[in-house]
There are 2 protein chains.
Amino acid sequence: MHFSDFDNSRLQSQLSGERFLVTYELFGSEAACRTAAEEICVEQSVEFPTVVLPPGEIPGQILGRIESFSQAGEDIWKAEISFCAETAGEFTQFLNVVFGNFSIKQHVRVAKIELSPSLYQFIRGPRFGIEGIRDLLQEQERPLLMTALKPLGLSAADFGALMRVFAENGIRIVKDDHGLADQKFAPFKERVRYCCDAANAAYEKTGKRCLYVPNVTAPFTELRERALYAKECGAGGIMVAPGLTGLDAMKALAEDDEIALPVFSHPAFSGSNVVNRQGFSVPAYYGTVMRLAGADAVIFPNYGGRFSFTKEECLGIALAGKEPLQDLKTMIPCPSGGMQIDRIPGMLETYGKDICLLIGGGLFTCGPDLEKNCRDFVDAVG
Amino acid sequence: MHFSDFDNSRLQSQLSGERFLVTYELFGSEAACRTAAEEICVEQSVEFPTVVLPPGEIPGQILGRIESFSQAGEDIWKAEISFCAETAGEFTQFLNVVFGNFSIKQHVRVAKIELSPSLYQFIRGPRFGIEGIRDLLQEQERPLLMTALKPLGLSAADFGALMRVFAENGIRIVKDDHGLADQKFAPFKERVRYCCDAANAAYEKTGKRCLYVPNVTAPFTELRERALYAKECGAGGIMVAPGLTGLDAMKALAEDDEIALPVFSHPAFSGSNVVNRQGFSVPAYYGTVMRLAGADAVIFPNYGGRFSFTKEECLGIALAGKEPLQDLKTMIPCPSGGMQIDRIPGMLETYGKDICLLIGGGLFTCGPDLEKNCRDFVDAVG
C-alpha cells in the first residue's frame, strides 16, 4: 500500500475550508521557535512525516498552517497556527488538536484560542453565566460573597451547622472545600443533605437565598450520580475539579438537562498546565478553556495570596470569561487562595463588580466570632 | 460556631492510623523548601489555618505529616510526607491529596507515591498486564512490535487496508493514531469495523493474532459506548488519552467487565505534568500513576526521539510498571515518538524483552515498500 489508491476527491468534498486559530508562545531563538512552529503544524494534525503524506487535501487542508510568526519579546515568539475545523469535531479531540502531543514539548505555551463557527456545534459554554447566577440570588449589582466549608475531618452535621452560620450571616455562595469527597467521617450524601437543609432553613429565616455548592468531583462512574443527588437535595450549584475528572466531564455535567445547576470549576490537579513557562497561559486555561468546558464560575488563586499568579494573569481570566464568543454566556471569576477581608477594596478595583469574592480559611482567623466575621465580610463589600 | 461542639471521639473511632507516603522534590534553599514541605502538609489535607483547627484528631491525624526531609542535590530537597488513608478513599480524591492544590505551586514535584494497604480497595491496576497481553498474542519471549494507523485524513477503508498490510507482515499490535477520533472522513464506528475485519482476515491468513487498538478517547458521555463498540467488533485493546478524558475515566474502562480489553494509555494533553521542573517526575506519572489508573501498556516518548525525556526517565517508567505493588499486574512500556528501526538494538539493551516497540511514521520513511518495511522491523527484533 502506497497511498496511490487514496481517494482525494472524497476528502475534498468533506472539508469546508473552515479553520480555527491557536496562538502559541514559543521561547528561544528565532530559528528554534520557527522550527517548533513548523513542528506544531505536523504534530497537532497528521503526526506523520510530511515527505510521505498522500498528496492533495491532507497537506493542503488537514495539516496545520502558520498564519503569522512574530517576535513578542526577548527570546519570545508568537505563532498563530490554524487548523482544519473538521479535524476537531468534539471537545476532547479539539483539545487534542490544540495541545495534545505538544503538551510533551518544552518552551511552548498556548496563549490564545480562537474558535471558528462550526465548533460551537459542540461547545455550548456556561448554562447560567454571570447573569444567571445573579438571577438565582436576586442580586443584580453587588459583588457576590462566597466561602468554603472546612476543615476536612468535621462531620456532615458539623458542616450543616457551619453552612447555617454562613447562610444566616449574609454569605451568598458556600462551596465544599475541594478535599471533601465521600470520606466516611462526612459522607457525600449525608453532607449534602445536611447542608441543603441548612441553606433552606436559613432562607426561611432571612428571605435571602444562599447557594450551597457541593464538590461532586468523583470517580467516572459516580460523577453524574453525585451531581443528580445534589440536584435532588436542592443544591444551588456543583463544584468540579476538571483536572481530576477531565475537562469534558465538567462540560457533560454543565450540559446535562437533568442536572441544570451552575458549575463552579476548581483548579485542583490542573495547575501544572499553567505555572510553568510551558503549557497554557493562565487566561487561556482558566479563562477560555474553562468557559468552553461549561464553567459558570471559575475558582482560581488570586494574586498576592498563597499562590503565584500575577495581577495581570488573574485579570486575564476575568476578561476571558466575559469576552464575546459567539452566543456563549459569561463566566464569573472567583479569585481565592489566602484572601482576607482587607483585600476586598483592591480586588473590587481590579475586577469590578462582577466578581465572586471567595474567602475561605481567612474568615475563621480575622476574629474569634465567626458570625461577626461573616457580617464584617458583608459590610466590607458595602 | 467555634468548633466547641466538634465530636472528636467519633472521628477518632473512624480513623485506622493507616497512612500513605508521597515523596516530593522541592527546588530552592533549605529554608524555602522546609516551608514548602510544611505547606504541603496543610494544603493537601485540611487546607485551613492550623491555628484555628479544632483540637484532637484533625491536627493529629488528618493533617499531612513530614516523615523525613533531606538534601538530594544542590538546591534540591526531598520531603517524605504521609497522609491519613481515610482522607483518600477513592481515586480522584487520592490524586487530589497527592497533588491537588500543590499542582498550582512552583518548584515542587511528586517524585514517588507509596500506597498503604487499604487504598488497594479502590485501585485494581492493569487487568491484563504484560503476561496477559503476551497470552493474547501467544508470544511469551520476544519484544512486541507495534505501529499506528496514520495519517489523519485517510478514510476508514484506507485505514482498514493499512491495518491489513501491518497485520499480514508481522506487526502484532496496531493502534489508531491519537488524532483519529470520530471525524466524518473516517468515522469511529466505520473505522473500527474496517480495521477489526482486516485484523481477522490477516489472522485467517497468517495464523498469528494482531491486536487492533482503536482510540476510544471521546467525550464523557460517549467514552464507554465507544469502548463497548470496539469490544463488540473484536478489537484487541483500547487506547485512551487520560490527559483528555481524566485519569479515572481510563481506570473505569479498565475495570469495566463488559469491556475487559487491554488498555493502552496515550500521553496526549498530559505532558505539562512532567516536562517542567514542577508537577510529577516522569516515572511517577507515566509509570506509577498510569499503572494505578489501570493501563496495561503505557505509550510515552522515548529518549532520543522528537521529545525530551532522558534515558533514565524512560527506564524509570518501565521499572515503575514492574515494581511489586501489592498484587497489581505489570504494565508494558511502549516507547515511541520518532523511533526508527535502527534504534531497536539500543532500546532492547535499555528495556529488555518486556517492551512494546512502537514505530509509527518511521515505518513509512525507511523505504518505499511498506510491506518490506514491516518485515524489516520484524527481522530487526530477531
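Note that this is a predicted model, so its numbers are computed, not measured.

A. Representation of the sheet that holds strand β7 (residues 211-213) of chain A within the structure. Residue and element names in this part refer to chain A. Across the sheet, four strands lie side by side as β7-β6-β5-β13; this open sheet has parallel pairing. In this open sheet, the two edge strands, each paired with only one partner strand, are β7 and β13 (356-358). Neighbour-to-neighbour, the strand axes of the sheet open up by a mean angle of 25 degrees, direction not taken into account. Bridging between strand β5 (residues 144-149) and strand β6 (residues 173-176) involves four bridges; their strand directions are parallel. When the sheet's bridge partners are listed, Leu-149 is paired in β6 with Asp-176.

B. Quick peek at the interface of chain B and chain A. The interface of chain B with chain A comprises 83 residues on the first partner and 83 residues on the second. Secondary-structure elements contributing two or more residues to the side of chain B that touches chain A are α1 (8-14), α3 (57-62), α4 (91-99), α6 (156-168), α9 (242-245), α10 (247-255) and α14 (362-365) of chain B. Its residues placed into classes, the side of chain B that touches chain A shows 38 nonpolar, 32 polar and 13 charged.

C. Spatial organisation of the environment of Ser-118 of chain B. Among the secondary structure elements, Ser-118 of chain B is positioned in the loop between β4 (108-114) and α5 (129-137). For the pair formed by Ser-118 of chain B and Val-282 of chain B, sequence separation is 164 residues and the distance between their alpha carbons is 26 Å.

D. Spotlight on the nonpolar core. Residues Met-163 and Ile-238 of chain A together with Met-163 and Ile-238 of chain B are the most contacted members of the largest nonpolar core, which totals 266 residues. Residues within four places of Met-163 of chain B in sequence aside, it is in contact with Leu-149, Val-174, Cys-195, Ala-198, Ala-199 and Tyr-212 of chain B.

E. Structural detail: the confidence of the model for chain A. Predicted confidence across chain A gives a mean pLDDT of 96, with 99% of residues reaching 70 or more. Listed scores for the predicted complex are pTM 0.98 and ipTM 0.98.

The rules behind the values
- Residues numbered from 1 in each chain as written.
- Chains lettered and ligands numbered in written order.
- Predicted model: local features only at pLDDT ≥ 70, side-chain atom pairs only at ≥ 80, totals over all residues.
- Pairing = 2+ DSSP bridges.
- Helix = DSSP H or I, 4+ residues; strand = E, 2+ residues; numbered from the N terminus.
- Axes fitted to C-alpha atoms, helices over the stretch in contact; angles between N-to-C directions.
- Contact = placed C-beta atoms within 7 Å.
- Nonpolar A, V, L, I, M, F, W, Y, C, P; charged D, E, K, R; others polar.
- Core = buried A, V, L, I, M, F, W, Y, C linked by C-beta atoms within 7 Å.
- Buried ≥ 20, exposed ≤ 12 C-beta atoms within 10 Å, placed from the backbone.
- pLDDT = per-residue confidence, 0-100.

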